[in-house]
Amino acid sequence: MAYNVNWFEDNMKPVLAEGLGNCSACCLRNLDKDLFCKKLTCVDERCCHFVFWVTKNPGQHRELLMGLPSKDMTEWFRKTTVERAQEITGNMINKALQNQNQYVK
């Protein structure tokens, strides 16, 4: 299996959360926090908007809620550094905020 450096961007999306976040809505909530959650950015620190993560594929979401991450997902989290994962997720959050702001105007 080849390491897919774009796995997270291809399979996950941020959902803007009201208030201080919503970890209970995140599809990663039943997984190992040290391997998964601690690598990600869940807040845009410039404007303090929080997100939770969902999968683009509903079937994958269900599997994650049962605590069954795919091999590709586990490999991405194991091989991607914290700094790189936070850069990727931070960029995804920024893009989601920009898209939301386009519709608000």
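Predicted, not measured: the structure shown is a model, and the values here were computed from it.

(A) Broad picture of the sheet that holds strand β1 (residues 12-17). If you trace the three strands from one edge of the open sheet to the other, you get β1-β3-β2, paired in antiparallel fashion. Looking along the sheet, the strands with just one partner apiece sit at the ends: β1 and β2 (43-44).

(B) Local environment of the environment of Gln-86. Tracing the backbone through its elements, the reader meets Gln-86 in helix α4 (residues 82-104). Along the sequence, Gln-86 and Leu-40 sit 46 residues apart, while their C-alpha atoms lie 5.2 Å from each other. Not counting the four nearest positions on each side in its chain, Gln-86 is found in contact with Lys-38, Lys-39, Leu-40 and Thr-41.

(C) Quick look at the packing of aromatic side chains. For the structure shown, the criterion picks out six aromatic pairs. Plain terms: the ring middles of Phe-8 and Phe-77 are 5.9 Å apart, the flat faces sit at 80° to each other, and that makes the pair edge-to-face. Residue Phe-8 is found in helix α1 (residues 7-11), and its partner Phe-77 is found in helix α3 (residues 71-79); the two are separated by 69 residues along the sequence. Accessibility classification places Phe-8 together with Phe-77 in one group, the buried group. Ring geometry for Phe-36 versus Phe-77: centroids 4.7 Å apart, planes at 65°, classification edge-to-face. You can see Phe-36 sitting in the loop between β1 and β2 and its partner Phe-77 sitting in helix α3, a full 41 residues away along the chain. Using a relative accessible area of 3% as the deciding quantity, one classes Phe-36 as buried. For Phe-77, a relative accessible area of 0% translates into the label buried. The rings of Trp-7, Phe-8, Phe-36, Trp-53, Trp-76 and Phe-77 are connected pair by pair, giving a single aromatic cluster.

(D) Local environment of the pairing of strand β3 (residues 49-55). Of all seven residues making up β3, five are buried, and the element is well covered by its neighbours. By the bridge criterion, two bridges tie β2 to β3 in an arrangement that is antiparallel. For Asp-44, the partnering residue across the bridge sits in β3 and is His-49. Linking β2 to β3, which pair antiparallel, is a turn of four residues; within it Cys-48 sits at a positive phi near 60°.

The rules behind the values
- All residue numbers here refer to positions counted from 1 along the written sequence of the relevant chain.
- Only residues with pLDDT of 70 or above have their local features reported here, since the model is predicted, and side-chain atom pairs are shown and tallied only from 80 upward, although totals for entire chains, interfaces and linings are computed over all residues.
- Side-chain measures here rest on the full set of heavy atoms in the structure, leaving out hydrogens and waters.
- At least two bridges found by DSSP between two strands is the condition for calling them paired.
- Runs of H or I in DSSP of at least four residues are treated as helices and runs of E of at least two as strands, each being numbered from the N terminus.
- Every residue pair with non-hydrogen atoms within 4.5 Å of one another is taken to be in contact.
- Aromatic rings from Phe, Tyr and Trp, taking only the six-membered ring of Trp, are treated as a pair when their centres fall within 6.5 Å; an angle between ring planes under 30 degrees marks them as stacked, one over 60 as edge-to-face, and anything in between as tilted.
- Note on exposure labels: buried denotes an accessible area under 20% of the residue type's maximum, exposed denotes more than 50%, and partly exposed covers the range between, all computed with a 1.4 Å probe on protein chains only.

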